[in-house]
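Listed below, chain by chain, are the residues.
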Amino acid sequence: MKAAVLALQGAFIEHEQVLQRLGVETVEIRQLRDWTEFISEVRGRLLILPGGESTVQLRLLKELGLFEPIRQAIADGMPVLGTCAGMILLSQGYLGTMDIRVRRNAYGRQLGSFHTTGTVQGIGTDVPMTFIRAPYIEEVLSADCQPIAEVDGHIVAACQGNQIATAFHPELDSDTRLHQLLISLQ
């Protein structure tokens, strides 16, 4: 199994470290050639869209010719985990592969960052959640998309088919269950 980690900007190294601890080989996607080589392999593949600045990541995806190939791979069933900015990228108005509308920076500026534990359906009740200038899901737009976690009445994680989106950063905690959930989608 091999995972592509979008490495244009943001917290991609931490995701790589978690995946490597779980025995998954990783490849950094920085340009179209990286993606083309990754996608040509026939064995199991996963994708991580990390946290960072969603506006910058979206601009770079388009400038580098990665936007459509990545969108198509997700639409064709490649398992993907989008965290924070990655969740924004999956939402409507961006890649548009997940039926969610997201409120960017919903918890405020950097000073609004926080850590809590909560329940994530299918994972457990004691999941650590680190929020950094985090978004949340304002609206789930179809029955195909299922909220799987809430904090203070706001949806902070959802699943839709092969896609998992979280407003928090599971890669910043030692708990690997969300990454294991992604691997199980393969």
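Just so you know, these numbers come straight off a predicted model, no measurement behind them.

## With respect to the overall build of the protein chain
Here is step 1 of the chain: Looking only at helices and strands, one finds six helices and eleven strands in the protein chain.
Here is step 2 of the chain: Over its C-alpha trace the protein chain gives a radius of gyration of 15 Å, about what one expects of a compact globule, namely 16 Å for 186 residues.
Here is step 3 of the chain: Oriented by its inertia axes, the alpha-carbon framework of the protein chain measures out at about 40 × 35 × 30 Å.
Here is step 4 of the chain: Classification of the 186 residues of the protein chain by burial places 52% in the buried group.
Here is step 5 of the chain: A sequence separation of at least 24 residues applies to 65% of the contacts in the protein chain between residues at least 6 apart.
Here is step 6 of the chain: A total accessible area of about 8,100 Å² is found for the protein chain, and carbon and sulfur atoms account for 47% of it.
Here is step 7 of the chain: Both charge centroids of the protein chain, one from 15 positive and one from 21 negative side chains, sit 5 Å from each other.

## Comments concerning the packing of aromatic side chains
Here is step 1 of the chain: Inspection of the entire model under this criterion finds three aromatic pairs.
Here is step 2 of the chain: Their ring planes at 15 degrees and their centres at 4.6 Å tell us that Phe114 and Phe131 sit as a pair that is stacked. Of the two residues, Phe114 is situated in strand E6 (residues 114-120) and Phe131 in strand E7 (residues 124-131); the sequence distance between them amounts to 17 residues.
Here is step 3 of the chain: Here Phe114 falls in the partly exposed class, since its relative accessible area comes to 26%.
Here is step 4 of the chain: Ring pairs connect the aromatic residues Phe114, Phe131 and Phe168, which therefore count as one cluster.

## Points about the nonpolar core
Here is step 1 of the chain: Grouped together as the largest cluster of nonpolar side chains are 59 residues, with contacts concentrated most on Trp35, Leu47, Leu49, Ile70 and Val156.
Here is step 2 of the chain: Per-element tally for this core: the top contributor is strand E10 (residues 154-160), with five residues.
Here is step 3 of the chain: Those residues within four positions of Ile70 in sequence are excluded, and the remaining contacts are Leu6, Trp35, Leu47, Leu61 and Leu95.

## As for helix H4 (residues 67-75)
Here is step 1 of the chain: For H4, the set of buried residues is Phe67, Ile70, Ala73 and Ile74. Along the axis of H4, the buried positions cluster into a sector of 140 degrees, meaning they face one direction only.
Here is step 2 of the chain: Phi for Gly77, located one or two positions after H4, is positive at around 115 degrees.

## Considering the pairing of E10
Here is step 1 of the chain: In terms of residue burial, E10 counts as a mostly covered element, since six of its seven residues are buried.
Here is step 2 of the chain: Sheet topology note: the strand E9 (residues 146-151)/E10 ladder contains five bridges and is antiparallel. Considered in E10, the bridge of Gln146 is made with Cys159.
Here is step 3 of the chain: Linking E9 back to E10 in an antiparallel pair, the connection comprises two residues, with Asp152 at a positive phi of about 50 degrees.
Here is step 4 of the chain: Inspection of the sheet shows E10 paired to strand E11 (residues 163-166) by four bridges, in the antiparallel sense. Its bridge partner being in E11, Gln160 is matched across the sheet by Gln163.
Here is step 5 of the chain: Where E10 folds back on E11, the antiparallel hairpin that results is connected by two residues, among which Gly161 adopts a positive phi of roughly 60 degrees.

## Details of the environment of Thr117
Here is step 1 of the chain: Tracing the chain through its elements places Thr117 in strand E6.
Here is step 2 of the chain: In this view, Thr117 contacts Asp126, Val127, Pro128 and Met129; residues no more than four positions away in its chain are not counted.

## Notes on the side chain of Thr166
Here is step 1 of the chain: Within the secondary structure, Thr166 sits in strand E11.
Here is step 2 of the chain: Polar side-chain contacts of Thr166 include one of 2.8 Å to the backbone oxygen of Phe168.
Here is step 3 of the chain: Once residues within four sequence positions are removed from consideration, Thr166 is found in contact with Leu81, Gly82, Thr83, Cys84, Met87, Val156, Ala157 and Leu178.

Conventions we followed
- Residues numbered from 1 in each chain as written.
- Predicted model: local features only at pLDDT ≥ 70, side-chain atom pairs only at ≥ 80, totals over all residues.
- Heavy atoms only, no water.
- Helix = DSSP H or I, 4+ residues; strand = E, 2+ residues; numbered from the N terminus.
- Rg over C-alpha atoms; globule rule 2.2 N^0.38 Å.
- Buried < 20%, exposed > 50% of the residue type's maximum accessible area, 1.4 Å probe, protein only.
- Contact = heavy atoms within 4.5 Å.
- Areas by Shrake-Rupley, 256 points an atom, 1.4 Å probe, with all protein chains shown as cover.
- Lys, Arg positive; Asp, Glu negative; His and termini not counted.
- Charge placed at Lys NZ, Arg CZ, Asp CG, Glu CD.
- Phe/Tyr/Trp six-rings, centres within 6.5 Å; stacked < 30°, edge-to-face > 60°.
- Core = buried A, V, L, I, M, F, W, Y, C linked by side-chain atoms within 4.5 Å.
- Arc of directions from axis to C-beta.
- Pairing = 2+ DSSP bridges.
- Polar contact = N/O pair within 3.5 Å; in protein donor to acceptor, adjacent residues only side chain to side chain.

Geometric values such as these leave the question of function open.
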